[in-house]
Amino acid sequence: MDIERSRDRFAPHYLEHEKWKLGDYGAHPIDKYLRPGRIPHIWCSGCGLGISMTCFISALEESGLPLDKNCVVSGIGCTGRVAGYLKLDSYHTTHGRPIPFATGLKLGNPELTVTVFSGDGDLFAIGGNHFIHAARRNVDINVICVNNFNYGMTGGQVGPTTHLKARTTTTPYGNFEQAFNLPHVAVASGAVYVARWTTLHARRLKASIKEALLKKGFCFIEIIAPCPTAYGRRNRLGTGLNEMKYYKEHSVIRHNADPAEAELVLGGDILVGKFRDEEKPTFLDMQKEGTLDVMSGKGGSKK
Amino acid sequence: MKLWRKPLDADDWEPPKGKIYIIEERCKGCGFCEEFCPRKVLEESDKYNSRGYHPPEVVNPDDCVHCELCELICPEFAIFVLDAKEMESKKPKKKRGKGGGSKKTSQKKKSSKKQTSKKTKKGGRK
Ligand SMILES: Cc1ncc(C[n+]2csc(CCOP(=O)(O)OP(=O)(O)O)c2C)c(N)n1
Ligand code: SF4
Ligand code: SF4
Ligand code: SF4
Ligand SMILES: [Mg+2]
């Protein structure tokens, strides 16, 4: 897609409107990737989900991949609504199941580029097993996890990424469970590409998503995002802007760092960067090879 | 911007210049664009949109270097930036022909395209 052209087309259209009205389509160059009439989205002021989606769209545009061969799959949650806003073949699946759904899409139609876009609770609580096994098999899909450290949509309950000691609706005296370190989980499970950025690092995030879209194998990107309404308020993190400023002051960019060091502590530094970028045969490669071996009589380890 | 040494070829370069468009009704007043614009072009305005948020306003239009960070970082798709020169050159013209299938050629905005609109001033910032 030619971004310049889209702007030429939409800018005059926009300029003819004194004011943007609900349902006016094409007021912003990005609108052609959004379903008509669905903006404004439901996300709160200062929420990081809008930035995550813009970065994904820009990366997709820059990657030059055909839009009709790109699918996005989301689960349930605030993040899960991404699928409903994107004007692609996008699927809003049941809670925790976007990865098996995406795996099916990819295996059924290998020429698709399939991206899972979902929340921390969806992918690592109810959907945790799916994540580790898709990564282990190296299914050729991309997983983007927006980590806002809680279940935003249902009112801010504790989740598997909630910081130790943090307050949520279900941990009013502070969370006493250890949290997942997502890049570490991803690397240990076998993902070939693992990166983490905050919503402040919009450009680097966009570049990472583009790399993942163009890379074969299981790619995982964690996006640390503010959730001022549910998590920020209970932990006195302030507005979304305060959280973004915090990211600016406390992010440490280090590529190829040991993911074991990427643990997050409430009030501590945030290690961001690309943790892993390697090549490995994908699930489909292995399956093809295995089938060929069997057919040519080489397969099996019997006798 | 302060430079500790003026680059030798500084005169050969002209920094890009952006024209900013704000879709005020979409803004939820998060302040990201105002805070993180590297040239401090934007500031919160006094006016309200219909949802009661204060959209940003352009206070230093000449300082914008068309970096597009505000566009990327706005969670509401409420702000975007176009090349200022190109937008200035866009004079009222007839319908664009053909709707041609021009492929991506270059990232630079050299080729000025046929334009439809006349009200280049309207609506951007009121
Ligand atoms: C099977 C099932 N269990 C529970 C729920 C309730 N539920 C809806 S969203 C959600 C959590 C979402 O958290 P997360 O994935 O982190 O998304 P966020 O809202 O934080 O973006 C839960 C538990 C559900 N919809 N379906
Ligand atoms: S509850 Fe949190 S995650 Fe959900 S839209 Fe609001 S700020 Fe965003
Ligand atoms: S394009 Fe860059 S310089 Fe111009 S207003 Fe936006 S952030 Fe500021
Ligand atoms: S970033 Fe967007 S929503 Fe936030 S204040 Fe600027 S224009 Fe408004
Ligand atoms: Mg969450």
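Just so we're clear, the structure is a prediction, and the values are computed from it rather than from any experiment. (Residues numbered from 1 in each chain as written. Chains lettered and ligands numbered in written order. Predicted model: local features only at pLDDT ≥ 70, side-chain atom pairs only at ≥ 80, totals over all residues. Heavy atoms only, no water.)

(A) Fine view of the overall build of chain A. A tally of helices and strands in chain A yields eleven helices and eight strands. Taken over 303 residues, chain A has a buried fraction of 56%. Taking the contacts inside chain A whose residues are at least 6 apart along the sequence as the reference set, 66% of them involve residues at least 24 apart. (Helix = DSSP H or I, 4+ residues; strand = E, 2+ residues; numbered from the N terminus. Buried < 20%, exposed > 50% of the residue type's maximum accessible area, 1.4 Å probe, protein only. Contact = heavy atoms within 4.5 Å.)

(B) Fine view of the site of ligand 4. As a matter of local geometry, ligand 4 sits amid Cys27(B), Lys28(B), Gly29(B), Cys30(B), Gly31(B), Cys33(B), Pro56(B), Cys74(B), Pro75(B) and Glu76(B). Residues belonging to the shell around ligand 4 are distributed by class as follows: six nonpolar, two polar and two charged. (Near = heavy atom within 4 Å. Nonpolar A, V, L, I, M, F, W, Y, C, P; charged D, E, K, R; others polar.)

(C) Representation of the coordination of the magnesium ion (ligand 5). Residues and elements named next belong to chain A. Those protein atoms acting as donors to the magnesium ion (ligand 5) are Asp120 (OD), Asn148 (OD1) and Asn150 (O), and they sit at 2.0 to 2.2 Å. Mapped onto the polypeptide sequence, the residues donating to the magnesium ion (ligand 5) form the spacing pattern D-x27-N-x1-N. Within this pair, whereas aspartate 120 is found in helix 5 (residues 120-126), its partner asparagine 150 is found in the loop between strand 4 (142-147) and helix 7 (182-189), the two being separated by 30 residues in sequence. As far as burial versus exposure is concerned, aspartate 120 and asparagine 150 are alike and both buried. (Donors = N, O, S within 2.8 Å, 3.2 Å for Na, K, Ca; no water.)

(D) Highlighting the pairing of strand 3 (residues 113-119) of chain A. Within strand 3 of chain A, seven of the seven residues are buried, which leaves the element mostly enclosed by the surrounding structure. Of the two faces of strand 3 of chain A, the one carrying Thr113(A), Thr115(A), Phe117(A) and Gly119(A) and the one carrying Val114(A), Val116(A) and Ser118(A) are both buried.

(E) Expanded view of the environment of Asn175(A). Residues and elements named next belong to chain A. Among the structural elements, asparagine 175 can be located in the loop between strand 4 and helix 7. Sequence separation between asparagine 175 and leucine 49 is 126 residues, and the spatial gap between their C-alpha atoms is 24 Å. Sequence-distant contacts of asparagine 175, that is, excluding residues within four places in its chain, are made with Val158, Thr162, His163, Leu164, Lys165 and Ala166. Only 3.1 Å separates the side chain of asparagine 175 from the backbone oxygen of histidine 163, close enough to count as a polar contact. (Polar contact = N/O pair within 3.5 Å; in protein donor to acceptor, adjacent residues only side chain to side chain.)

(F) Looking closely at a negative patch on the surface. All names here are of chain B. A grouping of Glu43, Glu44, Asp46 and Glu57 is seen on the molecular surface, where their side chains present a negatively charged patch. With respect to the element layout, glutamate 57 can be found in strand 3 (residues 56-58). Glutamate 57 sits in the partly exposed class, given a relative accessible area of 32%. (Patch = residues over 30% accessible without salt bridge, like charges linked within 9 Å, V, L, I, M, F, W, Y side chains within 5 Å. Areas by Shrake-Rupley, 256 points an atom, 1.4 Å probe, with all protein chains shown as cover. Salt bridge = Lys/Arg side-chain N within 4 Å of Asp/Glu carboxyl O. Lys, Arg positive; Asp, Glu negative; His and termini not counted. Charge placed at Lys NZ, Arg CZ, Asp CG, Glu CD.)

(G) Structural view of helix 8 (residues 202-214) of chain A. All names here are of chain A. When the terminal C-alpha atoms of helix 8 are compared, their 18 Å separation across 13 residues agrees well with the 18 Å that a helix rising 1.5 Å per residue should span. Along helix 8, the residues classified as buried are Ala202, Leu205, Lys206, Ser208, Ile209, Ala212 and Leu213. For helix 8, the arc enclosing every buried residue in end-on projection is 165 degrees, short of the 170-degree limit, so these residues lie on one face. (Expected span 1.5 Å × (residues − 1). Arc of directions from axis to C-beta.)

(H) Structural context of the domain arrangement of chain A. Under the domain assignment, chain A is made up of domain 1 (1-33) and domain 2 (35-295). Its C-alpha centre places domain 1 of chain A at a distance of 29 Å from the equivalent point of domain 2 of chain A. (Domains from an automatic or database assignment.)

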